[in-house]
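Spelled out from the first residue to the last, the chains are:
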Amino acid sequence: MSTNTEESGRLNVAIRQAGYDAQAPVIRDVAFEVRAGELVGLIGPNGAGKSTTIKSILGLLKHLEGEVVFGGASGRYAYVPEQPVMYEAFTLWEHLRLAASAFGIDEQTFASRADRLLGTFRLTNVKHELPVTFSKGMQQKLMLIIGFMLEPDIYIVDEPFIGLDPRATKDLLDLLDMERQRGAGILMSTHVLDTAERICDRFILLDQGSVMAEGTLPRVREQAGCPADATLFDCFYALT
Ligand SMILES: Nc1ncnc2c1ncn2[C@@H]1O[C@H](COP(=O)(O)OP(=O)(O)OP(=O)(O)O)[C@@H](O)[C@H]1O
């Protein structure tokens, strides 16, 4: 993993192979880029290799051949996991403060961003409570708030929609849009294809560890041999 100083908000992924065991790679020839201000959807059936691709990008896999480059002077990225990760003894506010200090965000910036995001996601009244006692959706919101609070160059978001109520989903979509306009690049894995179709600029469609189609919806339709009115779901169905 490396960074360069010129292209903030950009992510370049060129994985020749990666997996959990040197003898049996799970993904092969997965290469794509996320440009500044772009929202790219990583889609594919269960077991296709989406999480493995994300782990490769995060540098969490021991067996990786290839290169991942985060653009920007800071190369700062936020990873929003699908499964919430929490400390039992820390309150919601303490989780946010810990993340902010790990990222070197000053106290005043932290407090104003944290309060704004807690308001957006309607968690202000539980900010001094323990997230381990929260509902699944509330815990998911905590992960999102930490990500957005950091205002990184790149977001890597793993299936953010499952568990969120309709209003929280709308708030999330608005925030993603704002961050995109700020110039952040976003890679988002999801199974919610109708939402992905509406909001993503481009798609990477994985199946059995390889890229089956890539590009805008019209490009994906061509690669899937689907007609001009085909939905992303139709293309997914045709390709997998
Ligand atoms: N920790 C692991 N150790 C060994 N093999 C794994 C591990 N995690 C995933 N795999 C294997 O890698 C392949 C790709 O799995 P991955 O989790 O990347 O799929 P996915 O596209 O994220 O699926 P889903 O939509 O179900 O989350 C699967 O065959 C899976 O069994």
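Residues numbered from 1 in each chain as written. Predicted model: local features only at pLDDT ≥ 70, side-chain atom pairs only at ≥ 80, totals over all residues.

A few words on the overall build of the protein. Broken down by element type, the protein carries eight helices and 10 strands. The C-alpha atoms of the protein give a radius of gyration of 18 Å, which matches the 18 Å a tight globule of 240 residues would have. With the principal axes as the frame, the protein shows a C-alpha extent of 50 × 35 × 35 Å. Counting over 240 residues, the protein shows a buried share of 38%. Long-range pairs, those at least 24 residues apart, make up 73% of the contacts in the protein with a sequence separation of at least 6. (Helix = DSSP H or I, 4+ residues; strand = E, 2+ residues; numbered from the N terminus. Rg over C-alpha atoms; globule rule 2.2 N^0.38 Å. Buried ≥ 20, exposed ≤ 12 C-beta atoms within 10 Å, placed from the backbone. Contact = placed C-beta atoms within 7 Å.)

Moving on: the nonpolar core. Residues Ile145, Tyr155, Ile186 and Leu205 are the most contacted members of the largest nonpolar core, which totals 55 residues. For this core, the leading source of residues is helix α4 (residues 136-150), giving eight residues. If we ignore the near neighbours within four places in the chain, the residues touching Leu205 are Ile43, Gly44, Val211, Met212, Ala213, Glu214, Val220, Phe236 and Leu239. Counting six residues, the second largest nonpolar core, distinct from the first, contains Ile15, Ala18, Val30 and Leu64. (Core = buried A, V, L, I, M, F, W, Y, C linked by C-beta atoms within 7 Å.)

Here we take up the site of the ligand. Around the ligand sit Tyr20, Val26, Gly44, Asn46, Gly47, Ala48, Gly49, Lys50, Ser51 and Thr52, and those are all the residues in its vicinity. Classifying every residue of the shell around the ligand by side-chain character gives three nonpolar, six polar and one charged. (Near = placed C-beta within 6 Å. Nonpolar A, V, L, I, M, F, W, Y, C, P; charged D, E, K, R; others polar.)

Right, let's get into the sheet that holds strand β6 (residues 77-80). Hydrogen bonding along the main chain pairs the strands of a sheet, whether they run parallel or antiparallel. Across the sheet, six strands lie side by side as β6-β7-β8-β4-β9-β10; this open sheet has mixed pairing. The open sheet has two edge strands, β6 and β10 (210-215), and neither has a second partner. Neighbour-to-neighbour, the strand axes of the sheet open up by a mean angle of 15 degrees, direction not taken into account. Sheet topology places strand β4 (residues 39-43) next to strand β8 (residues 185-189); four bridges connect them, and they run parallel. Bridged to Leu39 within β8 is Ile186. In the packing of α4 onto the sheet, the strands contacted are β6 and β7 (154-158), and the crossing angle to β6 comes to about 170 degrees. In the packing of helix α7 (residues 217-224) onto the sheet, contacts are made with β9 (202-207) and β10, and the angle to β10 comes to roughly 135 degrees. (Pairing = 2+ DSSP bridges. Axes fitted to C-alpha atoms, helices over the stretch in contact; angles between N-to-C directions.)

This part is about the packing of α7 against helix α8 (residues 232-239). Relative to each other, α7 and α8 sit at 30 degrees, their axes nearing to 9 Å. When the interaxial angle is binned, α7 and α8 end up roughly parallel. In the packing of α7 onto α8, the handedness of the crossing is left-handed. Counting all contacts with α7, which are made through Leu217, Val220, Arg221 and Ala224, the residues of α8 involved are Leu232, Cys235, Ala238 and Leu239. Partitioned by chemical class, the residues of the contact of α7 with α8 number seven nonpolar, no polar and one charged. (Parallel < 35°, antiparallel > 145°, perpendicular 65-115°, else oblique. Left-handed = near helix turned anticlockwise from the far one by under 90°.)

As a further point, take the packing of helix α2 (residues 92-102) against α4. Orientation of α2 relative to α4, taken along the N-to-C sense of each, is 35 degrees, at an axis distance of 10 Å. The handedness of the crossing between α2 and α4 comes out as right-handed. Note on element contacts: α4 touches α2 through Leu142, Ile145, Ile146, Met149 and Leu150, opposite Leu92, His95, Leu96, Ala99 and Ala100.

Before going further, it helps to spend a moment on unusual backbone geometry. The backbone of Asp29 shows a phi angle near 50 degrees, a positive value even though the residue is not glycine. Here Asp29 is to be found in strand β3 (residues 27-34). Since 13 C-beta atoms lie within 10 Å of it, Asp29 is described here as partly exposed. Phi is positive for Glu151, which is not a glycine, with a value near 45 degrees. Within the element layout of this structure, Glu151 appears in the loop between α4 and β7.

With that settled, consider helix α1 (residues 50-58). Burial within α1 is extensive, with seven of its nine residues counted as buried. Residues of α1 that are buried include every one of Lys50, Thr52, Thr53, Ile54, Lys55, Ser56 and Ile57, and no others. Once α1 ends, the next one or two residues include Gly59, with phi positive near 75 degrees.

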